[in-house]
Amino acid sequence: MNQIGEILRARGLLSDAQLEHVLSVQSHSHSRLGDIIISEGIMTYLELYTALAEHYDLPFVNLLEDHPDDNLLTTVNIDDYIRLRAIPWKLKNGKIIIAITEYSDETMRWIEERFGENAEIVITSPLDIRITIERVFGRFLEEDSKLSLWQQSPESSAMVTASPVTKKLLCIFLIIAVCLIAIFPLQSSMLFVAFCSISYFVSMLVKMLIFTQGCKQNRRVEWDEVLNKLDDASLPVYTILVPMYKEAESLANLLSAIQDIDYPPEKMDIKLVLEADDYETLNMALKLKPNHNFEIIRVPYSKLRTKPKACNYALRFARGEYVTVFDADDIPDKLQLKKSIATFRSRPDDIVCLQARLNYYNADYNWLTRSFSLEYRALFSVMLHGLSRLGIPLPLGGTSNHISLAHLKELGEWDAYNVTEDADLGVRLSARGFRTEMIDSWTMEESPTEIHAWIRQRSRWIKGYMQTWLVHMRSPIKLYKTLGAKSFWGFQFFVGFSSLTFLTAPILWSLALLWWILPPELAQNWLPEWLIWLTINNLMLNFIIHWVMMIGCVSFKPESSIKYKITGFFYPFYLLLHSIASYKALYQLIVKPHFWEKTTHGLYKHMQNTATRQNLLTIPLTKQY
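Predicted model only: the values in this text are computed from it and were never measured. (Residues numbered from 1 in each chain as written. Predicted model: local features only at pLDDT ≥ 70, side-chain atom pairs only at ≥ 80, totals over all residues. Heavy atoms only, no water.)

### Overview of the sheet that holds strand 8 (residues 331–332)
Here is the rule: At least two bridges found by DSSP between two strands are what make those strands a pair. Helical segments are the DSSP runs of H or I of at least four residues, strand segments are the runs of E of at least two, and each set is numbered from the N terminus.
Judged by pairing direction, the sheet is mixed, and its eight strands sit side by side in the order 6-5-4-7-10-9-11-8 without closing on themselves. Strands with a single pairing partner mark the edges of an open sheet, and in this sheet they are strand 6 (294–299) and strand 8.

Printed below as a string of structure tokens:
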């Protein structure tokens, strides 16, 4: 490769200083010289691979101008085209001409096996190969990205929200319920309220158990000591997927945040995943001109427009050993990738997924953002740790979860039809005997600042939890045997009953209030006193448990502790918003189950400089609970 460097310098494409720099980087990371040159933005693909063609004494072809003969391209060989960066180009004089990016033993064996000796070689660039594949096979890949899980494991896909058996059982249940209400209205009401109250009570106890376990966290990792042992040469290629739709406002901050990540740039395979008709974000991306280790992937238009489908589409072009997803508004810990690699290498083989902690950089904006931040603090700093310790399936966050590409493909990738593909993936991982752990690293996001925006986001999450529960409960006996008793019941209460409690909470709260207001003789004729007291006790238990949880979470912002203590005190009333979102989620689950309720980002404009961003990521662990 030094010879290539000399060729580039001789052509005036590399200065002496640049050549010395890239050779120095190569000596530390053991990366290919061409990848370093591209990732550093020193030259374009066209300049580099034209020089490589000269080095190999072969013609260079620009596939973007001189398209391959589409008749030579077949869908069965797509994976080979992508993996080897080689593609049939033309048929001339009875010989097939193969465009490749570089010589390798594997590529030459493939050419010999597929085309025999009747083949000639020309050089092109990886960019030409990828764009050609998207142009020719885009529609095929888009269909495949929707169906990957369904084709591999249809019973695990939310393509059909409720199976025929589930629909029949629901219809039978509704018919029985209507008949009971019509014939025995008072007794039916008592039975319903008793079921809801007992479920609510048990759910609160389970939540407190998980929270208690989550507080028993491991000793803090001395990351300076651990990361100093990491050698850049041993670091694998890491794929970062950034699905975006109408996110032009967030793009500049996102590119800056990713470029701040402490990881060899030539080993970062970054995909900006845009919808093909999102011209505003595409034009902004072209205007900002990110380095060439950022690839713009355009997902062909279809009626199904979900984040997991877009990620599956981009996954076909992934080169990394590990994959993570960042959202458009994310500001990840700059050491997160290295922490992930170090953690994977120190854990047993059955731990194949890591989830970073999430919170909001605009948490102080108003009461809603503070409440949301406290909720995230409890969930990602405590509750998910508790689930992990108890061996209960861990519903992943939508961003900053890290998994090996091989295991993700083994699982059938993400479910394109599930609007909380992250939670679903966490359950499928557990069902296959894999484990997920939390990682001591933060990603900061932008919280919705208005109630209607919050409800849009939360209703999608709750609808996805409902989808996930319905999908995995199609075969409850099989799920029980697969997960085991503890994980099975943990899944019921943390994923299934969470939606039920949000739906029934307003009813129970209203009954408790009515019983308090109405004359005793009238109230007791309607519902027995023991049931009302159970309902009232549930209400008080709800307040007490969430107050206890909030006490542990308000200390992370000591400079504004009064505001957070007040927010924590009123936190149980914030949960009423979850009930509103739950009814919207239930409605959408019935009428448009696969509709992706988009969260609008870029509304909060106070995160413009890197120093401020990094300050948010250095909160002491003792303040992270």
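### Observations regarding the nonpolar core
Put simply, the test is: We define the nonpolar core as a collection of buried residues of types Ala, Val, Leu, Ile, Met, Phe, Trp, Tyr and Cys that are connected through side-chain atoms lying within 4.5 Å of one another. To sort residues, take the accessible area from a 1.4 Å probe on protein chains only and compare it with the maximum for the residue type: under 20% means buried, over 50% means exposed, and anything in between is partly exposed. In what follows, a contact means two residues having at least one pair of non-hydrogen atoms within 4.5 Å.
Ranked by size, the top nonpolar core spans 125 residues in total, and within it Ile98, Ile133, Trp414 and Leu429 carry the most contacts. Ranked by the residues each element gives to this core, the list is headed by helix 15 (residues 367–390), at eleven residues. Contact partners of Ile98, with chain neighbours within four places excluded, come to Ala86, Ile87, Pro88, Trp89, Trp110, Ile111, Phe115, Ala119, Glu120, Ile121 and Val122. Within the second largest apolar cluster, 33 residues are counted, among which are Val242, Leu254, Phe344 and Leu354.

### Comments concerning the state of the cysteines
To keep it simple, the criterion reads: We call a pair of cysteine sulfur atoms a disulfide whenever their separation is within 2.5 Å.
Applying the stated criterion to the full structure yields zero disulfides. In this structure Cys171 is not part of a disulfide, and its nearest cysteine sulfur, from Cys179, lies 13 Å away. Sulfur of Cys353: no disulfide; nearest cysteine sulfur belongs to Cys311 and is 13 Å away. According to the relative accessible area criterion, Cys353 is buried, its value standing at 0%.

### A short note on the layout of surface pockets
One simple way to see leftover space: roll a probe sized like a water molecule over the atoms. Condition: Cavities and pockets were defined on a 1 Å grid built from protein atoms only: a cavity is a group of points that admits a 1.4 Å probe but offers it no way out, a pocket is an open group of points flanked by protein on both sides within 12 Å along at least five of seven lines, and a lining residue is one with an atom within 4 Å of any such point. Grid points are joined across faces, edges and corners, and a volume is the space filled by probe spheres set on the points. The nonpolar class holds Ala, Val, Leu, Ile, Met, Phe, Trp, Tyr, Cys and Pro. Asp, Glu, Lys and Arg form the charged class, and all remaining residues, Gly among them, are polar.
Here the largest pocket defines a volume of roughly 1800 Å³. Lining the largest pocket are 41 residues, and of these Leu170, Phe173, Leu174, Trp469 and Leu500 lie nearest its centre. Mapped by element, the contributors of at least two residues to the lining of the largest pocket are helix 8 (164–183), helix 9 (185–214), helix 18 (451–472), helix 20 (485–517) and helix 24 (571–591). With twelve residues, helix 8 is the single largest residue contributor to the lining of the largest pocket. Considering only residue class, the lining of the largest pocket consists of 31 nonpolar, eight polar and two charged.

### Observations regarding the pattern of salt bridges
Selection criterion: Whenever Lys or Arg places a side-chain nitrogen within 4 Å of a carboxyl oxygen from Asp or Glu, that contact is recorded as a salt bridge.
Evaluated as defined, the whole model comprises 33 salt bridges. Glu295 is paired through a salt bridge with Lys271; the nearest N and O atoms lie 2.4 Å apart. Residue Glu295 is found in strand 6, and its partner Lys271 is found in strand 5 (residues 268–275); the two are separated by 24 residues along the sequence. Across the pair, exposure class does not vary: Glu295 and Lys271 are buried alike.

### Topic: the environment of Leu425
Mapped onto the secondary structure, Leu425 falls in helix 17 (residues 421–431). Overall, the relative accessible area of 1% leaves Leu425 in the buried class.

### With respect to the packing of helix 7 (residues 126–152) against helix 13 (residues 307–315)
Cut-off, in case you're wondering: Where helices are involved, their axes are fitted lines through C-alpha atoms of the stretch in contact, as for all axes, and angles between N-to-C directions lie from 0 to 180°. Should an angle lie under 35 degrees it is considered roughly parallel, over 145 roughly antiparallel, and from 65 to 115 roughly perpendicular; all remaining angles are considered oblique. Here a crossing is called left-handed whenever its near helix is offset anticlockwise from the far helix by less than a right angle, and right-handed whenever the offset is clockwise.
Taken N-terminus to C-terminus, the directions of helix 7 and helix 13 make an angle of 130 degrees; their axes are 8 Å apart at the nearest point. Considering the angle they form, helix 7 stands oblique to helix 13. As helix 7 runs across helix 13, the sense of the crossing is right-handed. In contact with Glu134, Gly138, Leu141, Glu142, Ser145, Lys146 and Ser148 of helix 7, helix 13 contributes Lys309, Asn312 and Tyr313. Its residues placed into classes, the contact of helix 7 with helix 13 shows two nonpolar, four polar and four charged.

### Regarding the packing of helix 11 (residues 248–259) against helix 12 (residues 279–288)
Contact pair helix 11 / helix 12: the axes reach a minimum separation of 9 Å and the direction vectors enclose 35 degrees. Where helix 11 crosses over helix 12, the two elements pack in a sense that is right-handed. Across from Ala248, Leu251, Ala252 and Leu255 in helix 11, the residues of helix 12 making contact are Glu280, Thr281, Met284, Ala285 and Leu288. Of the residues contributing to the contact of helix 11 with helix 12, the split by class is seven nonpolar, one polar and one charged.

### As for the side chain of Asn362
Threshold: As used in this structure description, the phrase polar contact means that two N or O atoms lie within 3.5 Å; if the pair is within protein, one of them must be able to donate a hydrogen and the other to accept it, and residues adjacent in sequence are counted only when both atoms belong to side chains.
The topology assignment puts Asn362 in the loop between strand 9 (351–360) and helix 15. A distance of 2.8 Å separates a polar side-chain atom of Asn362 from the backbone nitrogen of Ser447.

### Here we look at the sheet that holds strand 1 (residues 86–92)
Pairing is mixed in the open sheet, where three strands are placed in the order 1-2-3. Edge positions in the sheet fall to strand 1 and strand 3 (119–123), since each of these pairs with one other strand and no more. Going across the sheet, the axis of each strand differs from the next one's by a mean of 30 degrees, ignoring polarity. Each of strand 1, strand 2 (95–100) and strand 3 touches helix 6 (residues 105–115); the most contacted strand, strand 2, lies at about 155 degrees to it.

### Description of the packing of aromatic side chains
Let me state the cut-off plainly: Note on aromatic contacts: the rings of Phe and Tyr and the six-membered ring of Trp form a pair at centre separations within 6.5 Å, being stacked when their planes are under 30 degrees apart, edge-to-face when over 60 apart, and tilted otherwise. Two conditions define a charge sitting above a ring: the NZ of Lys or the CZ of Arg must be within 6 Å of the ring centre, and it must be within 35 degrees of the ring normal.
In this structure the tally under the stated criterion is 27 aromatic pairs. Look at Phe543 and Phe573: their rings are 5.3 Å apart centre to centre, the planes differ by 80 degrees, and that puts the pair in the edge-to-face class. A residue pair is termed long-range when its members are at least 10 positions apart, and Phe543 in helix 22 (residues 529–551) and Phe573 in helix 24 qualify at 30 residues. Judged by relative accessible area, Phe543 falls into the buried class, the value being 11%. Looking at Phe573, the relative accessible area reads 39%, which means it is partly exposed. Ring pairs connect the aromatic residues Tyr360, Trp367, Phe372, Tyr376, Phe380, Trp454, Trp461, Tyr571 and Tyr574, which therefore count as one cluster. The ring centre of Trp596 lies 4.2 Å from the NZ or CZ of Arg460, which sits over that ring.

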